[in-house]
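Structure at a glance
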Amino acid sequence: VSTQSTWERVEYAKKLATKFTKVVWQDDFNEFDLTKWKHEITMGGDANGAFEMYINNRSNSYVRDGKLYIKPTLVADRITEAALEGTDGTFTMDMSGFTPAGSCTSDGNYGCRRTSSWGSCWMEWDVDYKGYDMGSNANITDPAACCSLCNKTEGCNYWVVSENWGCYLKSSNLGRTYVPGVGLSSGGRGDLQISPVQSASLRTAETFNFKYGRLEIRAKMPVGDWLWPALWLLPTTESYGQWPASGEIDLIESRGNNPGYSMGGRDKMGATFHWGPFFPEWPWYLTHNQVSAPWGDFASDFHNLGMLWDENSLSVYLDDPGNVVLACWFDQSFWTRGGWENSPYDNPWAGRNNSAPFDQSFYIIMNNAIGGTNGYFSEDPSKPWSNGNPHAAAQFWNNRFMWLPTWQGEATAMVVDYVRVWQ
């Protein structure tokens, strides 16, 4: 990531820490100040196929004793399991809202409106465990039998039978849900049901952004299988185009799983700078590092997660500015860094300095996500869903006996002590 020596990186980070001395924005969470933060309201799953919906609810985001808690809860506890699974008819979750503060913030991946359709028209199918129809609570040994569960004649015209995944909507009908006795509806999506978990994501996009400076967030990570906490930044105006062309800065991503999980549990944290001319031309691995907690794990105590950023470099530190865990010196353009000089692609950063796309204002995001299908949780014998399953969220929920016992009260919350920015 850097051509400078470890000593040079540490010394420069220390120098920047002494340079940035004026606090320009902070929140010590003496109260829940929503003039500083806005809630994400969406079921879109962060574009990662994650299994949570983000809402503004004091069960999921609240302040107590000078700390912010971002905690997941079960959607079934709010709307009942029958409504979530569609076992007593379809249920529509509409997050459109009627006020500026309460309106859906992203309809990407059908984030604003979804209809439950799990129990009526599909079944879970696994080559080892065979099938289980959530509608009739019956074990199925023949994947073709799922057609008759929808409608003996009409339903089979809309569905595909798969040896691996049971039956699901034909690709030509995605975006529509089959309702027994009615036919195909105009809304909902058969392979994207209502998210089974609700959580919170807070951002400063509308209230604060900054270019260059020092950011520090003191936080404690959550405990619980398949939790995905993150402290990160996105560009305010996307000056160089859509993600990843305008960049992304991840101070920390972690997993709530026990230490020893194959991808790294809560004893590990990863820091990443994302960039590239377009997706999937996105060599994040060139600016990424994963480190272990200096003691215990990142859920057993608070740690300071910090960023130092100027026109020459961008770095992430853990606990102390001298403990640099990821550094990127702007000694070459990101176009050159990515090896695209002889490619047919257009350079989104042409004519800009070497720091582009990290030469524009960014805003802060804090969230506690759950699961997902983008590969952050790779296939593992302990994982209660498959990333390739078109019904992964339902598979995750149906196998909740595997993970729900690891979710114990407030231990599932990401807890934030303070957020401060100096320039």
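Notes on the structure follow. This one's a predicted model, so the numbers in the text were calculated from it and none came from an experiment. (Residues numbered from 1 in each chain as written. Predicted model: local features only at pLDDT ≥ 70, side-chain atom pairs only at ≥ 80, totals over all residues. Heavy atoms only, no water.)

Taking burial as the measure, the seven residues of strand β23 (residues 303-309) include seven buried ones, the bulk of the element. Residues H303, L305, M307 and W309 point to one face of β23 and N304, G306 and L308 to the other, with burial holding for every one of them. Where strand β18 (residues 213-220) meets β23, seven bridges bridge the pair, whose relative direction is antiparallel. Each residue of the ladder has a partner; that of E216, found in β23, is G306. Sheet analysis places β23 next to strand β24 (residues 313-318), joined by five bridges and oriented antiparallel. Paired with M307 across the strands is V316, a residue of β24. Two successive antiparallel strands, β23 and β24, enclose a turn made up of three residues. (Buried < 20%, exposed > 50% of the residue type's maximum accessible area, 1.4 Å probe, protein only. Helix = DSSP H or I, 4+ residues; strand = E, 2+ residues; numbered from the N terminus. Pairing = 2+ DSSP bridges.)

Now for the sheet that holds strand β16 (residues 197-199). Strand pairing in a sheet takes place through backbone hydrogen bonds and is either antiparallel or parallel in direction. Ordered by their spatial adjacency, three strands build an open sheet running β3-β16-β6, and the pairing between neighbours is mixed. In the strand order of this sheet, the two ends are held by β3 (52-54) and β6 (73-74), each with one partner. Pairing of β6 with β16 involves two bridges; the strand directions are antiparallel. In the sheet register, T73 faces β16, and the bridge partner there is Q198.

Turning to its location among the elements, D310 is positioned in the loop between β23 and β24. Despite its burial, D310 pairs with no opposite charge, the nearest such side chain being K19 at 4.7 Å. Within the local environment of D310, its side chain forms a polar contact with the side chain of Y12, the two groups lying 2.4 Å apart. Among the polar contacts made by the side chain of D310, one reaches the main-chain amide nitrogen of N312 at a distance of 2.9 Å. Not counting chain neighbours up to four residues away, the residues in contact with D310 comprise Y12, L16, F20, Y212 and F330. (Lys, Arg positive; Asp, Glu negative; His and termini not counted. Salt bridge = Lys/Arg side-chain N within 4 Å of Asp/Glu carboxyl O. Polar contact = N/O pair within 3.5 Å; in protein donor to acceptor, adjacent residues only side chain to side chain. Contact = heavy atoms within 4.5 Å.)

With 14 residues, helix α1 (residues 6-19) extends 20 Å from end C-alpha to end C-alpha; this agrees with the ideal 20 Å at 1.5 Å per step. For α1, the set of buried residues is V10, Y12, A13, L16 and A17. The arc that holds the buried residues of α1, viewed along the axis, is 165°, so those residues lie on one side. Within α1, the exposed residues directed more than 90 degrees away from the buried face are W7, K15 and T18. Of the surrounding elements, those touching the buried residues of α1 are β18, β23, β24 and β25 (324-329). (Expected span 1.5 Å × (residues − 1). Arc of directions from axis to C-beta.)

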